[in-house]
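Fold and geometry: a report
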Amino acid sequence: MAASAKPEPAAETRHRFDGVSQNRSLERGLEILRAFRPGTDLLGNGELAERTGLSAATVSRLTQTLVTSGFLEHDRAARAYRLAVPVLSLGHAMRAASPVLKAATPLMQELSTKLKVNVGLAAPDRAEMIYLESIRYNRKPALRTIVGGQRVPIELTSLGRAYLATLDAAVRDTLIRSIKRGYRSATWKPVGADIDAAITQVHADDYCVASWQPGVVAMSTPLILPGGRTLALNLSLTTDEPCAPVAQRYVGDLLALKDRIAHQLALSDRGAL
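Residues numbered from 1 in each chain as written. Predicted model: local features only at pLDDT ≥ 70, side-chain atom pairs only at ≥ 80, totals over all residues. Heavy atoms only, no water.

If you check an unreviewed UniProt entry, the protein appears there as IclR family transcriptional regulator from Achromobacter kerstersii.

1. With respect to the overall build of the protein
Check the secondary structure of the protein and you find ten helices and eight strands. Every one of the 273 residues in the protein was classed for burial, and the buried ones make up 45%. Of the contacts formed within the protein by residues at least 6 apart in sequence, a portion of 56% connects residues at least 24 apart. For the protein, the computed accessible surface area is about 14100 Å², with 55% contributed by carbon and sulfur atoms. (Helix = DSSP H or I, 4+ residues; strand = E, 2+ residues; numbered from the N terminus. Buried < 20%, exposed > 50% of the residue type's maximum accessible area, 1.4 Å probe, protein only. Contact = heavy atoms within 4.5 Å. Areas by Shrake-Rupley, 256 points an atom, 1.4 Å probe, with all protein chains shown as cover.)

2. Some thoughts on the pattern of salt bridges
All told, the structure shown has eleven salt bridges when counted by the stated rule. A salt bridge links Glu-133 to Arg-95; the nearest nitrogen and oxygen atoms lie 3.3 Å apart. You can see Glu-133 sitting in strand E4 (residues 128-135) and its partner Arg-95 sitting in helix H5 (residues 85-97), a full 38 residues away along the chain. You can call Glu-133 buried: its relative accessible area is 11%. A single salt-bridge network, built from bridges that share partners, covers Arg-34, Arg-37, Asp-125, Glu-128 and Arg-151. (Salt bridge = Lys/Arg side-chain N within 4 Å of Asp/Glu carboxyl O.)

3. Observations regarding the side chain of Arg-172
Position of Arg-172 among the secondary structure elements: in helix H8 (residues 169-180). Among buried Asp, Glu, Lys and Arg side chains, Arg-172 stands out as unpaired, with Asp-173 the closest opposite charge at 4.8 Å. Those residues in contact with Arg-172 that sit more than four places away from it in its chain are Leu-164, Ala-165, Leu-167 and Ile-199. (Lys, Arg positive; Asp, Glu negative; His and termini not counted.)

4. A look at the pairing of strand E8 (residues 230-238)
Burial within E8 is extensive, with eight of its nine residues counted as buried. Sheet topology places strand E3 (residues 118-125) next to E8; five bridges connect them, and they run antiparallel. Bridging from a neighbouring strand, Ala-122 pairs with Ala-232 of E8. Between strand E7 (residues 216-224) and the antiparallel strand that follows it, E8, lie five residues; Gly-228 among them carries a positive phi value of about 105°. (Pairing = 2+ DSSP bridges.)

5. Concerning the side chain of Glu-128
By secondary structure assignment, the location of Glu-128 is in strand E4. Ignoring anything within four residues of it in the chain, the contact list for Glu-128 reads Arg-37, Ala-123, Arg-151, Val-152 and Ile-154.

6. Looking at the sheet that holds E8
With respect to topology, six strands assemble into an open sheet ordered E5-E4-E3-E8-E7-E6, the strand pairing being antiparallel. With one partner strand each, in any of the chains shown, strand E5 (151-153) and strand E6 (208-210) form the two edges of the open sheet. Each adjacent strand pair in this sheet contributes to an overall mean axis angle of 35°, direction not counted. Two strands pair when backbone bridges link them, and E6 and E7 are joined in this way by three bridges, in the antiparallel orientation. Within E7, the position partnered with Ala-210 by the bridge is Ala-218. Those strands touched by helix H10 (residues 243-268) are E3, E6, E7 and E8, and its axis lies near 30° from that of E7. (Axes fitted to C-alpha atoms, helices over the stretch in contact; angles between N-to-C directions.)

7. Focus: the packing of helix H3 (residues 45-52) against helix H4 (residues 56-69)
At a minimum axis separation of 9 Å, H3 and H4 run at an interaxial angle of 115°. Comparing their axes, H4 and H3 come out roughly perpendicular. Relative to H4, H3 is oriented so that their crossing is right-handed. Contacts between H3 and H4 involve Asn-45, Leu-48, Ala-49 and Thr-52 from the former and Ala-56, Val-59, Ser-60 and Thr-63 from the latter. Tallied by class, the residues present in the contact of H3 with H4 amount to four nonpolar, four polar and no charged. (Parallel < 35°, antiparallel > 145°, perpendicular 65-115°, else oblique. Left-handed = near helix turned anticlockwise from the far one by under 90°. Nonpolar A, V, L, I, M, F, W, Y, C, P; charged D, E, K, R; others polar.)

8. Some remarks on the pairing of E4
Burial analysis of E4 places seven of its eight residues in the buried class, the great majority of the element. Here E3 runs beside E4; their pairing, made up of seven bridges, is antiparallel. Bridge pairing links Val-119 to Ile-135 in E4. The hairpin turn running from E3 into E4, its antiparallel successor, is two residues long, and Arg-126 in that turn takes a positive phi close to 55°.

9. What to know about the nonpolar core
Ranked by internal contacts, the top residues of the largest apolar core, which has 31 residues, are Met-108, Leu-121, Leu-235 and Ile-261. Among residues more than four places away in sequence, those in contact with Met-108 are Val-119, Gly-120, Leu-121, Glu-133, Ile-135, Leu-233, Leu-257 and Ile-261. Formed by 26 residues, the second largest nonpolar core is a distinct cluster that contains Met-129, Tyr-131, Ile-146 and Leu-159. (Core = buried A, V, L, I, M, F, W, Y, C linked by side-chain atoms within 4.5 Å.)

10. Notes on the packing of aromatic side chains
Counted by the stated rule, this structure contains one aromatic pair. Aromatic side chains Tyr-183 and Trp-188 sit 5.1 Å apart centroid to centroid with 70° between the ring planes, which places their arrangement in the edge-to-face category. Exposure remark for Tyr-183: the relative accessible area of 10% places this residue in the buried category. (Phe/Tyr/Trp six-rings, centres within 6.5 Å; stacked < 30°, edge-to-face > 60°.)

Take a look at the structure:
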């Protein structure tokens, strides 16, 4: 496993703030919000500076603004910050208004109930995939905690690898090089080989399979929205079987679900999330 599968924050931040037409203060403020992840309750200015690559003075100014605007809460005793309630409301508003989720969720629920499997839909965000929806049908309570909004690594998951297969080669190579920096050379070698194999499989069969969690087999297929944006649709289950026979048994259902979702979206002519 990698020490960190993310691009180095400082390098990424410098790259993203070079555009003269962008509002640099807004982008930097969003970087502060991005720094908060599940399992992280409180972050101080020093930790935020380290995670974002921003200067301590910039972080201090931005956290004060975000507290004033209501998106962060300041814990005086801990001298640190936590996300505030309005952040949650933004996620809820996005999910409630999403035409893709309105079309996909009932069909995903139907397949999950029919086959007794987990079904998920995810979108890319930098070096991770974010679940837009996750219908869990799993006997293990620990694996039922995957919910909408949860992040998983692009390079290790069938979701991420299915997405990588759709990218232009130059764009994909840039992203993979960024992810690779968080790995030791020996650790990356099998991961890189698995990515290459998954990309080949997607190009040939329109899906790939992976087992990055012990006892769980997952298969994913790219879902191209009418507007051109790419998501990834997956099906997973708890099993001790090898990946290949599991995939052969369920891939037809996964691809049929993708076709049904694509058909619904085409009827509504809605390609936005």
